[in-house]
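# Remarks on the overall topology
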Amino acid sequence: MFAIHPAKPMPPTPSDPSRGVSRFPFTEHSATDPQARPLRVAVLGSTGSIGTSTLDVIESSAGRFQAWLLAAHRSVESLVAQAKRLKPAWVVVVDEQAAAQLGPGSLPPGTRLAVGADALEVLVQDPAADRIVSAIVGAAGLRSTWAAVEAGKTVALANKETLVMAGPLVMRLAARTGATILPVDSEHSAIHQALCSGRPEEVQRIVLTASGGPFRTRAAESFADITPAEALRHPTWSMGPKITVDSATMMNKALELIEARWLFGVPADKLTVMVHPQSIVHSLVEFIDGSVIAQLSPPDMRLPIQYALTYPTRTTGPARRLDFSQTMTLEFEPPDASRFPAVRLGHEAAARGGTAGAVLNAANEEAVAGFLAERLRFTDIADACAKVLDEHPFEAEPTLEEIRRLDAWARLEVTKWSVA
Ligand code: NAD
Ligand code: MG
């Protein structure tokens with residue numbers, strides 16, 4: 001069953017005592033009605049690539065959105081600069097040592113400081129937070145995203161790792177609490193938009209597009225020599241380092257296949273990948289009559305971020321536009337499985353479900369860190385992931401605790417790999 005999160009009728013008045021969390025007030029019209037009070041947005045990972053783009057969307061929103069909370073790991077300097085500009089109610093520094101650098105008077109009047117992952121979990125459940133932008137990188141994003149879903153929030157989800165690790169559990173939790181998860185990942189935002197063109201049972205296939213990264217045309221024999229500096233130069237997108245390396249290995253597409261599997265509730269065999277070097281077509285949905293619906297825009301994350309904040313309405317915004325006065329070339333080709341073995345791992349983990357996504361994700365995070373620290377070769381990333389995925393004690397219906405345990409196990413396995 002596909003879930004495209006249609007506009008939910010929201011009660012006009014607060015409170016759902018069963019959850020202890022106020023449902024006031026993300027009514028649809030309040031996202032776009034200039035008369036309504038601003039929607040209070042919690043930006044988790046505000047100093048990162050998605051975080052700073054989110055602040056750009058908020059600052060361009062003519063008062064429709066207000067930064068209510070900004071959270072980051074340890075980049076205190078940029079967090080303080082952001083707080084001075086946006087004057088949020090809360091700033092959260094997750095790393096305690098980094099927080100100690102904040103002297104009295106560092107934050108603007110009216111902005112309070114909270115420290116640690118526990119504090120962040122509590123604050124994302126605060127009734128004052130209307131929308132949560134989940135943009136922490138990696139498995140570290142799961143806790144706060146889980147807390148937001150548990151509180152029935154509307155979550156703009158950039159942290160794909162949450163669904164890769166625990167998709168079925170997170171989607172079941174959302175169904176129980178009434179939380180809405182809206183994708184920020186550009187491919188999933190495109191799919192979300194395209195799915196509106198038909199009914200779930202009319203969907204034939206979902207095609208995720210991939211830029212192909214910087215090594216799409218590089219000779220396969222030289223892949224083992226790829227350096228971190230080369231992998232960090234992405235041809236079309238400007239992103240944080242982890243996802244940029246994921247893009248170069250195409251592990252990002254593997255993670256996105258798994259993300260789509262759970263977010264849209266679509267069987268893995270209906271998901272496919274096409275390389276599209278221009279990054280203009282962000283994904284496509286083929287319906288049973290042969291129609292293919294796509295979403296196009298320049299590669300600019302401010303658009304899917306804004307879509308997730310304003311859905312189900314649209315507004316003008318800061319994102320770049322296509323220029324229809326110029327010749328535009330759009331190319332598509334199937335991914336080269338021999339040079340990008342990660343894509344197969346994504347198909348496999350999406351089909352297997354259970355603990356496969358969490359293990360693949362953890363192995364990949366550790367391997368990418370090893371590659372960036374020059375302990376592993378580029379080609380070791382997919383090789384290590386394949387081995388760990390193959391050897392892990394698969395569990396079909398894991399609990400969150402089992403997922404966490406296997407996450408730690410997979411990281412340890414990859415650490416051994418780097419030593420060997
Ligand atoms: P980034 O590295 O640029 O930023 C990461 C942010 O997370 C920073 O603010 C950092 O302080 C924070 N963070 C890191 N570890 C943390 C921890 N333990 N606790 C709290 N905060 C922590 O990453 P990014 O590129 O913005 O990506 C963020 C997420 O969005 C990732 O899951 C990525 O896959 C996803 N995403 C990114 C893009 C993109 O264009 N950058 C596109 C699609 C999806
Ligand atoms: Mg993406």
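None of these values were measured; they are calculated from a predicted model.

Criteria and thresholds
- Residues numbered from 1 in each chain as written.
- Chains lettered and ligands numbered in written order.
- Predicted model: local features only at pLDDT ≥ 70, side-chain atom pairs only at ≥ 80, totals over all residues.
- Heavy atoms only, no water.
- Helix = DSSP H or I, 4+ residues; strand = E, 2+ residues; numbered from the N terminus.
- Rg over C-alpha atoms; globule rule 2.2 N^0.38 Å.
- Buried < 20%, exposed > 50% of the residue type's maximum accessible area, 1.4 Å probe, protein only.
- Contact = heavy atoms within 4.5 Å.
- Donors = N, O, S within 2.8 Å, 3.2 Å for Na, K, Ca; no water.
- Pairing = 2+ DSSP bridges.
- Axes fitted to C-alpha atoms, helices over the stretch in contact; angles between N-to-C directions.
- Phe/Tyr/Trp six-rings, centres within 6.5 Å; stacked < 30°, edge-to-face > 60°.
- Core = buried A, V, L, I, M, F, W, Y, C linked by side-chain atoms within 4.5 Å.
- Domains from an automatic or database assignment.
- Buried area = accessible area lost by both parts, 1.4 Å probe.
- Salt bridge = Lys/Arg side-chain N within 4 Å of Asp/Glu carboxyl O.
- Polar contact = N/O pair within 3.5 Å; in protein donor to acceptor, adjacent residues only side chain to side chain.
- Near = heavy atom within 4 Å.
- Areas by Shrake-Rupley, 256 points an atom, 1.4 Å probe, with all protein chains shown as cover.
- Nonpolar A, V, L, I, M, F, W, Y, C, P; charged D, E, K, R; others polar.
- Patch = residues over 30% accessible without salt bridge, like charges linked within 9 Å, V, L, I, M, F, W, Y side chains within 5 Å.

Turning to the overall build of the protein chain, a few remarks are in order. A count of helical and extended segments in the protein chain gives 15 helices and 11 strands. Expected size for 420 residues packed as a compact globule is a radius of gyration near 22 Å; at 21 Å, the protein chain falls within 12% of this value. Seen through its principal axes, the protein chain has C-alpha atoms that stretch 60 × 55 × 45 Å. Per-residue burial for the protein chain yields a buried fraction of 56% across its 420 residues.

Turning our attention to the environment of E366. Relative to the elements of secondary structure, E366 occurs in helix α13 (residues 356–372). Put simply, E366 and V414 are 48 residues apart on the chain and 6.4 Å apart in space, counted from C-alpha to C-alpha. Once residues lying within four places of it in the same chain are set aside, the contact partners of E366 are R375, R411, V414 and T415.

With that settled, consider the coordination of the magnesium ion (ligand 2). Taken together, D185 (OD), E187 (OE) and E256 (OE) make up the full set of protein donors to the magnesium ion (ligand 2), lying 2.1 to 2.2 Å away. Sequence spacing of the donors to the magnesium ion (ligand 2): D-x1-E-x68-E. Here E256 lies in helix α10 (residues 251–263) and E187 lies in helix α7 (residues 186–195), a separation of 69 residues in the sequence. Here E187 matches E256 in class, with each residue buried.

This next bit is on the sheet that holds strand β9 (residues 271–275). With mixed pairing, 4 strands are arranged side by side in an open sheet as β9-β8-β10-β11. Sheet topology places β9 and β11 (292–296) at the edges, where each strand pairs with a single neighbour. Taken over all neighbouring pairs, the strand axes of this sheet differ in orientation by 20 degrees on average, direction set aside. Sheet analysis places strand β8 (residues 203–210) next to β9, joined by 5 bridges and oriented parallel.

This part is about the packing of aromatic side chains. Inspection of the entire model under this criterion finds 6 aromatic pairs. Measuring from ring centre to ring centre gives 6.0 Å for F223 and F378, while their planes differ by 75 degrees; the resulting arrangement is edge-to-face. Of this pair, F223 sits in the loop between β8 and α8 (228–231) while F378 sits in helix α14 (residues 378–391); the two residues are 155 residues apart in sequence, bridging distant segments of the chain. For the pair F223 and F378, a shared accessibility class is recorded, and that class is buried. Between the aromatic rings of Y307 and Y311, the centroid separation amounts to 5.5 Å while the plane-to-plane angle is 55 degrees, which identifies the pairing as tilted.

Now for the nonpolar core. By size, the foremost hydrophobic cluster in this structure holds 91 residues, and its most contacted members are L44 and L69. Two domains each provide a minimum of three residues to this core, namely domain 1 (3–183) and domain 2 (189–298 + 329–352). With residues up to four places along the chain from it excluded, the contact list for L69 reads V41, A42, V43, L44, P88, W90, V92, L120 and L123. Counting 35 residues, the second largest nonpolar core, distinct from the first, contains L39, A99, A135 and I305.

Attention now goes to the domain arrangement of the protein chain. Taken domain by domain, the protein chain consists of domain 1 (3–183) and domain 2 (189–298 + 329–352). At the interface, 15 residues of domain 1 touch 17 residues of domain 2. For the domain 1 and domain 2 pair, buried surface summed over both sides reaches about 1,500 Å², with 69% attributable to carbon and sulfur atoms. Between K160 and E256 there is a salt bridge; the shortest N-O distance is 2.9 Å. Remark: the boundary between domain 1 and domain 2 carries 4 residue pairs in polar contact (both at pLDDT 80 or more).

Not every one of the 24 residues close to ligand 1 is listed here, only the nearest: T47, S49, I50, E161 and G240. Between ligand 1 and G48 there is a distance of 3.1 Å, counted from an oxygen atom to a backbone nitrogen or oxygen. In the model, an oxygen atom of ligand 1 is placed 2.9 Å from a nitrogen or oxygen of the S49 main chain. Here ligand 1 has 830 Å² of accessible area as a free molecule, and 88% of this is covered by the chains. Contributing elements (two or more residues each) for the shell around ligand 1: α1 (49–59) and α9 (241–249). Looking at the shell around ligand 1 residue by residue, the classes come out as 12 nonpolar, 9 polar and 3 charged. Taken domain by domain, the shell around ligand 1 gets at least three of its residues from each of domain 1 (3–183) and domain 2 (189–298 + 329–352).

Its place among the elements puts V266 in the loop between α10 and β9. The class for V266 is buried, based on a relative accessible area of 0%. The sequence separation of V266 and A350 amounts to 84 residues, and the corresponding C-alpha distance is 9.9 Å.

The next point concerns the pattern of salt bridges. Close approach of charged atoms allows side chains with opposite charge to pair. Scanning the entire structure with this criterion turns up 26 salt bridges. Across the pair R302 and D56 runs a salt bridge, and its minimum N-O distance is 2.8 Å. Of this pair, R302 sits in helix α11 (residues 302–310) while D56 sits in helix α1, and the two are 246 residues apart along the sequence. By relative accessible area, R302 is classed as buried at 18%. For D56, a relative accessible area of 27% gives the class partly exposed. Because the salt bridges share partners, they merge into one network encompassing K160, D185, E187, K253 and E256.

Turning our eyes to something else, we now look at a nonpolar patch on the surface. A cluster of nonpolar side chains, namely L296, F324, M328, L330 and F332, defines an oily patch on the protein surface of about 470 Å² accessible area. Inspection of the secondary structure assignment puts M328 in the loop between α11 and α12 (342–352).

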